[in-house]
Amino acid sequence: DALRSAMNSAEYAAVANDFQYFLDRTRSFTCLVNEKVIVDLDHPSSYALVECHSHRPGQTRADFHRSWLAVHGDFGRKIYQTGLMPGYIQNQVVTMSPEEARTFGFDQETFDGVGFAFYDSAVQLIACASLPIVTKDAFKAEDSFTDQARLGSVLTRRVILRSAAR
């Protein structure tokens, strides 16, 4: 298959060798995902909230993916309409056997999905987080499919660098 072929190439071997200089595999993970663009950005944004989600105990990854896409996807579209969140993407971790994941050097078990919510300013993010649809509805719904004890979040200020040629 195409992924296996690419990972057996000399180019991939060179990249994998370079990982040792900037990636501590004992404290990080790499996973294969399917990206679901719920709200595509109209323009580059200045902030991104990145959340790493895991399914609740007693649920399957497939249950989590269905709920996350349907429930949070709907919230993402509604919040976009307020003008406070210009983009929302879900990256759903691909299910594969542990043996296959090890073959590719992937960790497909640590998280079930990585979400990106985009904002134009820190003020916009705070305003968005204060909306009743977020504080009452989205957070409550999230409790039904996300293991909050394992939720990881990163807020990043995005600095868009472009070459003069572009």
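Notes on the structure follow. (Residues numbered from 1 in each chain as written. Predicted model: local features only at pLDDT ≥ 70, side-chain atom pairs only at ≥ 80, totals over all residues. Heavy atoms only, no water.)

1. Describing the pattern of salt bridges
Next up, step 1: Within the structure shown, the criterion is met by four salt bridges.
Next up, step 2: For Arg61, the salt bridge goes to Asp112, with nearest N and O atoms at 2.7 Å. Remark: Asp112 occurs in the loop between helix H4 (98-104) and strand S4 (113-119) and Arg61 occurs in helix H3 (residues 61-81); sequence separation between them is 51 residues. Judged on exposure class, the residue Arg61 and its partner Asp112 are both buried.
Next up, step 3: Here Lys78 and Asp74 are joined by a salt bridge, their closest N and O atoms 3.2 Å apart. Linking Lys78 with Asp74, this pair stays in helix H3, spanning four residues, or about one helical turn.
Next up, step 4: With a relative accessible area of 40%, Lys78 lands in the partly exposed category. (Salt bridge = Lys/Arg side-chain N within 4 Å of Asp/Glu carboxyl O. Helix = DSSP H or I, 4+ residues; strand = E, 2+ residues; numbered from the N terminus. Buried < 20%, exposed > 50% of the residue type's maximum accessible area, 1.4 Å probe, protein only.)

2. Some thoughts on the environment of Phe116
Next up, step 1: Tracing the sequence through the fold places Phe116 in strand S4.
Next up, step 2: Counting along the chain gives 27 residues from Phe116 to Ile89, while the straight-line C-alpha distance between them is 5.1 Å.
Next up, step 3: If we ignore the near neighbours within four places in the chain, the residues touching Phe116 are Leu49, Val50, Gly87, Tyr88, Ile89 and Asn91. (Contact = heavy atoms within 4.5 Å.)

3. As for the packing of aromatic side chains
What describes a pair of aromatic rings is the distance from one ring centre to the other and the angle between the planes of the rings.
Next up, step 1: Counting across every chain of the model gives three aromatic pairs.
Next up, step 2: Feature note: the residues Phe64, Trp68 and Phe145 constitute an aromatic cluster, connected by ring pairs. (Phe/Tyr/Trp six-rings, centres within 6.5 Å; stacked < 30°, edge-to-face > 60°.)

4. Quick notes on the sheet that holds strand S5 (residues 152-157)
Next up, step 1: In space, the five strands of this open sheet follow the order S1-S3-S4-S2-S5, with antiparallel pairing throughout. Two strands in the sheet have a free side with no partner beyond their single neighbour: strand S1 (33-39) and S5. For this sheet, the mean angle separating the axes of adjacent strands, direction not counted, is 15 degrees.
Next up, step 2: For strand S3 (residues 87-93) and S4, the ladder comprises six bridges, and the chain directions are antiparallel. The partner of Ile89 across the bridge, within S4, is Phe116.
Next up, step 3: Together, S1, strand S2 (47-53), S3 and S4 form the strand contacts of H3, whose direction differs from that of S3 by roughly 175 degrees. (Pairing = 2+ DSSP bridges. Axes fitted to C-alpha atoms, helices over the stretch in contact; angles between N-to-C directions.)

5. Focus: the packing of H3 against helix H6 (residues 132-143)
Next up, step 1: Here H3 crosses H6 at 165 degrees, and the two axes come no closer than 10 Å. Taken together, H3 and H6 sit at an angle that is classed as roughly antiparallel. Handedness of the crossing formed by H3 with H6: left-handed. Facing Val71, His72, Phe75, Lys78 and Ile79 of H3, the residues of H6 in contact are Ile133, Val134, Asp137, Ala138, Ala141 and Glu142. (Parallel < 35°, antiparallel > 145°, perpendicular 65-115°, else oblique. Left-handed = near helix turned anticlockwise from the far one by under 90°.)

6. Brief notes about the side chain of Gln92
Next up, step 1: Residue position: Gln92 is located in strand S3.
Next up, step 2: When sequence neighbours within four positions are dropped, the list of residues in contact with Gln92 reads Leu32, Val33, Asn34, Lys36, His65, Trp68, Leu69, Asp112 and Gly113.

7. Let's talk about helix H5 (residues 122-129)
Side chains of residues three or four places apart in an α-helix project in the same direction, reflecting 3.6 residues per turn.
Next up, step 1: Gln124, Leu125 and Cys128 are the residues of H5 that are buried. Projected down its long axis, H5 shows its buried positions confined to an angular sector of 100 degrees, all on one face. The exposed set on the far side of H5, more than 90 degrees from its buried face, consists of Val123 and Ile126. (Arc of directions from axis to C-beta.)

8. Quick word on the layout of surface pockets
Next up, step 1: Of the volumes computed, that of the largest pocket is approximately 350 Å³.
Next up, step 2: Forming the boundary of the largest pocket are 21 residues, of which Leu49, Glu51, His72, Ala117 and Tyr119 lie nearest the centre.
Next up, step 3: Mapped by element, the contributors of at least two residues to the lining of the largest pocket are S2, H3, S4, H5 and H6.
Next up, step 4: Residues of the lining of the largest pocket, tallied by class, amount to 15 nonpolar, four polar and two charged. (1 Å grid on protein atoms, 1.4 Å probe; cavity = no way out; pocket = protein on both sides within 12 Å on 5 of 7 lines; lining within 4 Å. Points joined across faces, edges and corners; volume = space filled by probe spheres on them. Nonpolar A, V, L, I, M, F, W, Y, C, P; charged D, E, K, R; others polar.)

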